Protein chains: 2
Amino acid sequence: MKQAKRTKWILDYFHPTPNFPTSGIQFQWYANLLRNPTAFRQAVKELADRYKDMHVDVIAGLDSRGFIFSSALAYEMKLPLILIRKPGKLPGATEKIEYALEYGRNSLEIEKDSLRQGQRVVIVDDIIATGGTAAASCSLVERLDAIVVEVACLAELTELKGRDKIHHPVFSLITIDAK
Amino acid sequence: MKQAKRTKWILDYFHPTPNFPTSGIQFQWYANLLRNPTAFRQAVKELADRYKDMHVDVIAGLDSRGFIFSSALAYEMKLPLILIRKPGKLPGATEKIEYALEYGRNSLEIEKDSLRQGQRVVIVDDIIATGGTAAASCSLVERLDAIVVEVACLAELTELKGRDKIHHPVFSLITIDAK
């Protein structure tokens, strides 16, 4: 329980918005964290602290809010940053994966030359909800013969059980149960 | 010419892709910069060095690749980070602006409570092309009675004359003339 205790302060920076972006969804928004440099740095440093001894080679950031945390984490850890993007955004040769959403399908791409065989990758997003995006991202990393060390996020919405869909370790600074 | 001299090295990390995302467009892509921690840090530190004595209160990041540089810059400078986003992404009360693209229109939003009157803002994007997004972002910042110190970017595509559209100072680490 040390983790929860140490990082529970982050929850104070979250502001839930009901029925956004669509009816029935409660959007968990952390603008106040980004607006507070001390809080933002502390969150990033807690992630960096988590991974400093885990032989991580690369930080992968998920489009688009994942870019915020992955960029600062890569910067702090002095690690390479690669991007996993919505389709049609990356030039050159890509690997593409389609995955199911609650309604419809989505897809993600990674540049084929962005990882080498055996590289150890931490995938970073802001929030893990249903886990679909994170799970698809893990598959992309593995298609490039690289290794998913962990999926890291600021917050995990536990009631959506995203962790069950991700067949890799998941680390969240906080968990939010909106029930 | 001191600026060009100091940062010309960044050009080595750019890789132009012809006809991406559409025919006739040359996409300037800097994946190699992000993959090289020393280079990425150096680029961010050059931006931080630019602004350290300019009494900047807030860094504003543009959706979505602008998040990468704005996040690391805000982190390095210990400044608040706010987001200017594509429509429908920010919960709560927003200011919205529509602007013309070469074909069609686009829009951007900012949260109304993200800036206070008189705050001095640096708007950060990765690349200034036609300048439409940057110019619209400046208008949003001003609608909140805040002050645009400068628009900062990694690279400016000079042949598109984006600078002419932005009625505020523009600072680019490098300029690219694709003609």
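Residues numbered from 1 in each chain as written. Chains lettered and ligands numbered in written order. Predicted model: local features only at pLDDT ≥ 70, side-chain atom pairs only at ≥ 80, totals over all residues. Heavy atoms only, no water.

Enquirer: Would you mind showing me how to read the environment of Gln28 of chain B here?
Expert: Residue and element names in this part refer to chain B. Examined against the element boundaries, Gln28 turns out to sit in strand β2 (residues 26-29). Owing to a relative accessible area of 7%, Gln28 belongs among the buried residues under this scheme. Remark: the alpha-carbon pair of Gln28 and Phe14, spanning 14 residues in sequence, is separated by 6.3 Å. Reaching out from Gln28, the side chain makes a polar contact with the side chain of Gln26 at a distance of 3.3 Å. (Helix = DSSP H or I, 4+ residues; strand = E, 2+ residues; numbered from the N terminus. Buried < 20%, exposed > 50% of the residue type's maximum accessible area, 1.4 Å probe, protein only. Polar contact = N/O pair within 3.5 Å; in protein donor to acceptor, adjacent residues only side chain to side chain.)

Enquirer: Any chance you could explain the relation of the copies chain B and chain A here in plain terms?
Expert: Mapping between the two chain copies consists of a rotation about an axis together with a translation along that axis. The operation relating chain B to chain A is a screw motion whose rotation component is 180°, with 0.0 Å of axial translation and a residual RMSD of 0.0 Å. Both copies are brought into coincidence by an operation consistent with a two-fold rotation axis. Identified as the residue of chain B closest to the rotation axis by C-alpha distance is Ala72 of chain B, at 2.4 Å. (Least-squares fit on C-alpha atoms with pLDDT ≥ 70 in both.)

Enquirer: Looking at this structure, I do not really get helix α3 (residues 37-51) of chain B. What am I missing?
Expert: In an α-helix, one turn spans 3.6 residues, which is why side chains three or four residues apart end up on the same side. Counted at 1.5 Å a residue, the expected span for α3 of chain B with its 15 residues is 21 Å, and the 21 Å between its end C-alpha atoms agrees. Its side-chain oxygen at 3.0 Å from the backbone nitrogen of Thr38 of chain B, Asn36 of chain B defines the N-terminal cap of α3 of chain B. (Expected span 1.5 Å × (residues − 1).)

Enquirer: Looking at this model, I keep getting lost on the interface of chain B and chain A. Mind explaining?
Expert: Accessible area lost during the coming together of the parts is what is often quoted as the interface size. Contact with chain B, which involves 37 residues of that partner, is made by 37 residues of chain A. Here chain B and chain A share an interface that buries about 3,300 Å² over both sides, 60% of which is from carbon and sulfur atoms. Area buried by chain B at its contact with chain A is led by Arg35, Arg41 and Tyr75 of chain B, which between them contribute 25% of it. Run the count over chain B and chain A and you get four salt bridges. Here Asp113 of chain A ties to Arg35 of chain B by a salt bridge, and the two come within 3.0 Å at their closest N and O atoms. The interface formed by chain B and chain A holds 16 residue pairs in polar contact (both at pLDDT 80 or more) in total. Among the elements of the structure, β2, α2 (31-34), α3, α4 (66-77) and β4 (81-85) of chain B are those that each provide at least two residues to the side of chain B that touches chain A. Partitioned by chemical class, the residues of the side of chain B that touches chain A number 20 nonpolar, five polar and twelve charged. (Contact = heavy atoms within 4.5 Å. Buried area = accessible area lost by both parts, 1.4 Å probe. Salt bridge = Lys/Arg side-chain N within 4 Å of Asp/Glu carboxyl O. Nonpolar A, V, L, I, M, F, W, Y, C, P; charged D, E, K, R; others polar.)

Purely geometric numbers; function is a separate question.
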